[in-house]
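# Secondary and tertiary structure notes
Given next are the chains, with one letter for each unit.
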Amino acid sequence: MQSDRTALAIHGGAGTIRPEDMVPDRVEAFHAGLRAALLAGHRVLATGGPAIDAVTAAVMALEDDELFNAGRGAVVTSGAEQEMDAAVMAGAGRAGAVAGIRGPRNPVLAARAVMERSDHVLLAGPGALAFCRAQGLVFEDDAYFETAARRAALDAVLAERARGGTVDDFDRHGTVGAVARDRTGALAAATSTGGMTGKMPGRIGDTPVFGAGTWADATCAVSATGHGESFIRMAAAHEISARMRLAGQGLEQAAADVVAEVGRVGGGGGLVAVDRDGRVAMPFNTRGMYRGAIGADGIVRTGIYAEALREHATTEEAIP
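About the cut-offs
- Residues numbered from 1 in each chain as written.
- Predicted model: local features only at pLDDT ≥ 70, side-chain atom pairs only at ≥ 80, totals over all residues.
- Heavy atoms only, no water.
- Core = buried A, V, L, I, M, F, W, Y, C linked by side-chain atoms within 4.5 Å.
- Buried < 20%, exposed > 50% of the residue type's maximum accessible area, 1.4 Å probe, protein only.
- Contact = heavy atoms within 4.5 Å.
- Helix = DSSP H or I, 4+ residues; strand = E, 2+ residues; numbered from the N terminus.
- Polar contact = N/O pair within 3.5 Å; in protein donor to acceptor, adjacent residues only side chain to side chain.
- pLDDT = per-residue confidence, 0-100.
- Pairing = 2+ DSSP bridges.
- Axes fitted to C-alpha atoms, helices over the stretch in contact; angles between N-to-C directions.

## Structural notes on the nonpolar core
- Judged by nonpolar contacts, the single largest core of 51 residues is most densely connected at Leu-8, Ile-10 and Val-55.
- Those residues in contact with Leu-8, other than ones at most four positions away along the chain, are Ala-37, Leu-38, Gly-41, His-42, Leu-45, Val-55, Ala-178, Val-179, Ala-180, Gly-292, Ala-293 and Ile-294.
- By size, the runner-up hydrophobic cluster in this structure holds 33 residues, among which are Ala-95, Val-179, Cys-220 and Ile-240.

Here it is in structure tokens:
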């Protein structure tokens, strides 16, 4: 049975820049990036498209924006390289992911190719890149991905380590992701990341680990951001679904409880989630989380810190 309870929620990373460092122009740039991603995904849902297409479109928009830690804006490892992870999952049990890659312009499309054009769920490293080339995905050269801001962030982390100081994880990690419910009630999730600034080469976080940073079934869809090791140890994304199915919790309570438990084991972060009725949850335990949502009313809502979400243009004003 179809309904108009479409919903899309996105995140652009948890932790965020300290409020005192967020000059007005930068604040506006983040809100604009979130708004653009929401509209990209909503265009799919508003025309009756599937949830998996909506989350792919939203994440691609964030990957193309160098403000966010994915695709073009991916952070740099301690070896001065970029290693990106991405995952997609549809509520029917289909899933695909890539890990430790650089080259495809949009890692989320690489993950989707694994899901739709291979017999596997997760491909990594050189084999993943060879597969992507065989599928005709668009590749970019190294210069496309190398930004001055990410290089400066790595230099700061390495300098702090050299002084024997403690690096604040809240300032190092970031991820982008999207969850959606379409007109048929189908759910999907997509997540993409460059990982953590100054991470050990070869480190893989929760993004491509299904049940940890990405999950979608008939109950809910979840995309997480933050300290990936903690989300993996908690099987955080799947835990939300389990609490809803087995303990009878609603989406908001289950999501909030899981994020709180991730925090109790030392993991800073947050997530976005949507259930089969189109309800959305966006909890976080950090200073803030770049986030936003849009429902069937077409009103874009975005936020950065623990604040009332900012409302943007309606569907009629924003979508031709």
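That covers the picture; the talk isn't over yet.
## A look at the side chain of Asp-275
- Summarising the element assignment, Asp-275 is placed in strand S9 (residues 269–275).
- Engagement of the side chain of Asp-275 in a polar contact is seen with the backbone nitrogen of Asp-277, the distance being 2.9 Å.
- The contacts of Asp-275, once residues within four sequence positions are left out, are Arg-181, Leu-187, Thr-219, Cys-220, Met-244 and Leu-251.

## Considerations on the confidence of the model for the protein chain
- Of all residues in the protein chain, 93% attain a pLDDT of 70 or more, and the chain-wide mean is 91.
- Here residues 316–320 is a poorly scored stretch, pLDDT under 50, and it has 8 contacts once near neighbours within four places are set aside; other chains count.

## Some words on the sheet that holds S9
- Sheet architecture is open: 4 strands sit in the order S7-S8-S9-S10, paired in antiparallel fashion. Two strands in the sheet have a free side with no partner beyond their single neighbour: strand S7 (214–216) and strand S10 (280–281).
- Here S7 runs beside strand S8 (residues 220–226); their pairing, made up of 3 bridges, is antiparallel. Bridge pairing links Ala-216 to Ala-221 in S8.
- Docked against the sheet, helix H8 (residues 236–246) engages S7, S8 and S9, running at close to 145° with respect to S8.
- The sheet strands contacting helix H9 (residues 251–264) are S8, S9 and S10, and the helix crosses S9 at an angle near 160°.

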